[in-house]
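Analysis of the macromolecular model
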Amino acid sequence: MMLGFLAGAAMLGNTFVFPIDASPKAPINNVVELESHFVNSNRWGLELSDDDIDLLYRICYHEANDQSDKGVQAVAEVVLNRVASNKFPNTVKGVLFAPRQFCSEKELRKTPSSERIEEIVNKLVWGESEYVLSPHAMYFQTTPTGDKSEIKLGQHYFRRNY
């Protein structure tokens, strides 16, 4: 997320430092503290729009609403691992709607709300949860493949990219 008022600011930890303006109307203190949720600190370094996060929530609900919290999070991690990879589209929408992947946009529109899944996705996106999978996990399915990198969470088998 790029915030327009941050133009020209330098980042020091979770603090933005603004250049001192010579204008008499400029504030005396040029340091602005922002709450950590403004700084997207997930392991992918991805800046996700509200639409991206909504799509991520919807796919997690569609694929894993009956799974454990770790199972839901693992689905989201696979999607974000793909977005960060140069082998897949570089957007959440591109990953989800690639041919023969996940489900249709029409199916996702029917997703009901779930506070549990929304909380899991938000914590992951903002770097507030421990990661479940390796950043190389790119696939999941409901049947085992025999791949040695495969791990099982609930009813899904997660594995790395080949």
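What this report covers is the structure whose coordinates are included nearby. The residue numbers shown here count from 1 along each chain, following its written sequence. Local features are withheld for residues below a pLDDT of 70 in this predicted model, meaning they are given only at 70 or higher, and side-chain atom pairs are given and counted only at 80 or more; totals for whole chains, interfaces and linings count all residues. Hydrogens and water molecules were not included; the side-chain quantities draw on all heavy atoms of the structure.

What follows covers the overall build of the protein chain. Comment: elements are numbered from the N terminus, with helices defined as DSSP H or I runs of at least four residues and strands as E runs of at least two. Along the protein chain, the regular secondary structure elements total 5 helices and 6 strands. A burial count over the protein chain gives 40% of its 162 residues as buried. The contact definition used throughout considers only heavy atoms, calling two residues in contact when any of these lie within 4.5 Å. In the protein chain, the share of contacts with a sequence separation of at least 24, taken over all contacts with a separation of at least 6, comes to 56%. To measure how exposed things are, a 1.4 Å probe is used in the Shrake-Rupley method; for residues, cover is taken only from the protein chains shown. In the form shown here, the protein chain has an accessible surface area of approximately 9,800 Å², with 51% of it arising from carbon and sulfur atoms. When a residue's accessible area, from a 1.4 Å probe over protein chains only, is under 20% of the maximum for its type it is buried; when over 50% it is exposed; and in between it is partly exposed.

Each strand in a sheet pairs with another by means of backbone hydrogen bonds, the pair being arranged parallel or else antiparallel. Spatially, S4-S6-S5 is the arrangement adopted by the 3 strands of the open sheet, whose pairing is antiparallel. Each of the sheet's edge strands pairs with one partner strand only, and the pair in question is strand S4 (137-141) and strand S5 (151-153). Within this sheet the neighbouring strands show an average axis-to-axis angle of 30°, counted without direction. At least two DSSP bridges between two strands are needed for those strands to be called paired. Sheet topology note: the S4/strand S6 (residues 156-160) ladder contains 4 bridges and is antiparallel. By the bridge assignment, Gln 141 is partnered in S6 with Tyr 157. Sheet strands in contact with helix H2 (residues 69-84) are S4, S5 and S6, and its direction is about 130° off that of S4. Axis lines are fitted through C-alpha atoms, for helices just across the contact stretch, and the angle between N-to-C directions can take any value from 0 to 180 degrees.

Let us look at H2. Here the expected length of a helix is defined as 1.5 Å per residue gap, with one fewer gap than residues. With 16 residues, H2 should cover 22 Å at 1.5 Å per step; its first-to-last C-alpha distance of 22 Å lies within 8% of that length. Among the 16 residues of H2, 13 are classified as buried, and the element is accordingly described as predominantly covered.

Along an α-helix, residues three or four positions apart point the same way, because every turn accommodates 3.6 residues. Turning to helix H5 (residues 115-125), its buried residues are Ile 117, Ile 120, Val 121, Leu 124 and Val 125. Along H5, the residues classed as buried sweep out an arc of 125° about the axis, all on the same side. Those residues of H5 that are buried lie in contact with helix H1 (50-64) and H2. Of the residues trailing H5, Gly 127 is marked for its positive phi of about 70°. This arc is built from the directions going out from the helix axis to the C-beta atoms.

For this analysis, a ring pair means two rings from Phe, Tyr or Trp (six-membered ring only for Trp) whose centres lie within 6.5 Å, classed as stacked if their planes differ by under 30 degrees, edge-to-face if by over 60, and tilted for the remaining angles. Enumeration over the complete set of coordinates arrives at 4 aromatic pairs. Centre to centre, the rings of Phe 140 and Phe 158 are 5.5 Å apart; their planes meet at 35°, and the pair counts as tilted. Linking Phe 140 in strand S4 with Phe 158 in strand S6, this pair joins segments that are 18 residues apart in sequence. Comparing Phe 140 with Phe 158 shows no difference in burial state: the two are buried. Through pairs of rings, three or more aromatic residues link up here, namely Phe 102, Phe 140 and Phe 158. Should the NZ of a Lys or the CZ of an Arg lie within 6 Å of a ring centre and within 35 degrees of the ring normal, that charge is described as sitting over the ring. Over the face of the ring belonging to Tyr 131 we find Arg 43, whose NZ or CZ atom lies 4.3 Å from the ring centre.

Geometry only, nothing functional implied.
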